Amino acid sequence: MAGRESFFWHKLHSLTGVIPTGFYLLQHLTLHSFSLAGAEKFAGILNFFGAMPQHILFGLKGVIWGCLIFHAVYGLFIISRNGDNYSQTALKYRENAYYRWQRWSGIFAFFFLAYHMATTSVVGQIHGHEAIQYSTWADRLAAPAGTYLMLVFYILGVVASAYHFAYGMWNFAIRWGITINERAQMAMAKFSKGLFVVVSAIGILALVGFFKPVLAKEHASAINPSSNSNSVESVPISAENR
């Protein structure tokens, strides 16, 4: 019975890492990449979700966050029970390195997402959505005190999440019997590498987009130091910064 239970929970853990968690990651980063188009476009895409019936929105959130929490907690349980293989022989094998990075990226992503949720979704519910609107993100990411350590933290969080998801796709295809031979697994490995690069790029570009008004202001000031006409865009949004 224990073996069947382990098989079931491991399969469910693998599935929830792709559906809906993986889909949510892609949607979330793509949504935030609208920062590249400016505050108005960014607010517009968020307001789309704000216009959804609340019972549907909360239902979607419940499913997504429920699956994400299960995937994270059970993933930590798996890590606590499985030892790593640090032998020189094992380190020669690509899959062992992938697996080790998967574990560490998952741990980092867990704490990153916990922080991100606490400082966006929770703060937005308590203090109102104005506290997390487009115009606040440049200062957030420049913290603390203009050191941009928070930007570095967010970039690492995006890259860790992207790697965890991309490797998870490779592992998912094996666990669910989609890639059953070495050739198929090699092809999936190439796809996962490409997916990692694309997802990381989308997330990093989304972060860069929040600095677009600041960069434009600095550029204008360099050309005309007396000009103060280019201020940071500020468009209130009515939807949660999801």
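Up top you'll find the structure we're talking about.
Description of the structure in this document.

Moving on, we come to the packing of helix H2 (residues 21-32) against helix H9 (residues 182-209). At a minimum axis distance of 8 Å, the contact between H2 and H9 shows a crossing angle of 35°. Of the two possible hands of crossing, H2 and H9 adopt the one that is left-handed. Contact residues: Leu25, Leu26, Leu29, Thr30 and His32 in H2; Val199, Ile202, Gly203 and Ala206 in H9. The residue inventory of the contact of H2 with H9, partitioned by class, reads six nonpolar, three polar and no charged.

The subject of this paragraph is a nonpolar patch on the surface. Taken together, the side chains of Met117, Val122 and Ile126 make up a nonpolar region of the molecular surface, amounting to roughly 260 Å² of accessible area. Along the chain, isoleucine 126 turns up in helix H6 (residues 94-127). Look at isoleucine 126 and you get exposed, because its relative accessible area is 60%.

Within the secondary structure, threonine 179 is located in the loop between helix H8 (149-175) and H9. According to the relative accessible area criterion, threonine 179 is buried, its value standing at 8%. Those residues in contact with threonine 179 that sit more than four places away from it in its chain are Ala173, Ile174, Ala184, Gln185 and Met188.

Across all of its chains, the model carries 22 aromatic pairs by this definition. Measuring from centroid to centroid gives 6.3 Å for tryptophan 101 and tyrosine 163, while their planes differ by 70°, and the two rings are edge-to-face. Separated by 62 residues along the polypeptide, tryptophan 101 in helix H6 and tyrosine 163 in helix H8 bring together distant segments of the chain. Each ring, one from tyrosine 134 and one from phenylalanine 210, has its centre 5.6 Å from the other, and the planes form 50°; the classification is tilted. Residue tyrosine 134 is located in the loop between H6 and helix H7 (137-142), and its partner phenylalanine 210 is located in the loop between H9 and helix H10 (212-223); the two are separated by 76 residues in the primary sequence. Every member of this aromatic cluster is reached through a ring pair, and the members are Phe42, Phe108, Phe112, Tyr115, Tyr134, Trp137, Phe153, Tyr154 and Phe210. Above the face of the tryptophan 176 ring, lysine 11 is positioned so that its terminal group lies 4.0 Å from the ring centre. If you follow arginine 140 out to its NZ or CZ, it ends over the ring of tryptophan 137, 5.2 Å from the centre.

What you tend to see is this: most non-glycine residues have negative phi, and most peptide bonds are trans. A cis geometry characterises the amide bond from isoleucine 19 onward to proline 20, with omega recorded as 5°. Turning to its location among the elements, proline 20 is positioned in the loop between helix H1 (2-18) and H2. With an omega of -10°, the peptide bond between alanine 143 and proline 144 qualifies as cis. Here proline 144 shows up in the loop between H7 and H8. Its identity is not glycine, yet alanine 145 carries a phi of approximately 55°, on the positive side. If you trace the backbone, alanine 145 turns up in the loop between H7 and H8. Owing to a relative accessible area of 81%, alanine 145 belongs among the exposed residues under this scheme. Look at tyrosine 148: it is not a glycine, yet its phi comes out positive at around 60°. Structurally, tyrosine 148 is set in the loop between H7 and H8.

Criteria and thresholds
- Residues numbered from 1 in each chain as written.
- Predicted model: local features only at pLDDT ≥ 70, side-chain atom pairs only at ≥ 80, totals over all residues.
- Heavy atoms only, no water.
- Axes fitted to C-alpha atoms, helices over the stretch in contact; angles between N-to-C directions.
- Helix = DSSP H or I, 4+ residues; strand = E, 2+ residues; numbered from the N terminus.
- Left-handed = near helix turned anticlockwise from the far one by under 90°.
- Contact = heavy atoms within 4.5 Å.
- Nonpolar A, V, L, I, M, F, W, Y, C, P; charged D, E, K, R; others polar.
- Patch = residues over 30% accessible without salt bridge, like charges linked within 9 Å, V, L, I, M, F, W, Y side chains within 5 Å.
- Areas by Shrake-Rupley, 256 points an atom, 1.4 Å probe, with all protein chains shown as cover.
- Salt bridge = Lys/Arg side-chain N within 4 Å of Asp/Glu carboxyl O.
- Buried < 20%, exposed > 50% of the residue type's maximum accessible area, 1.4 Å probe, protein only.
- Phe/Tyr/Trp six-rings, centres within 6.5 Å; stacked < 30°, edge-to-face > 60°.
- Lys NZ or Arg CZ within 6 Å of the ring centre and 35° of its normal.

Keep in mind these numbers describe shape, not what the thing actually does.
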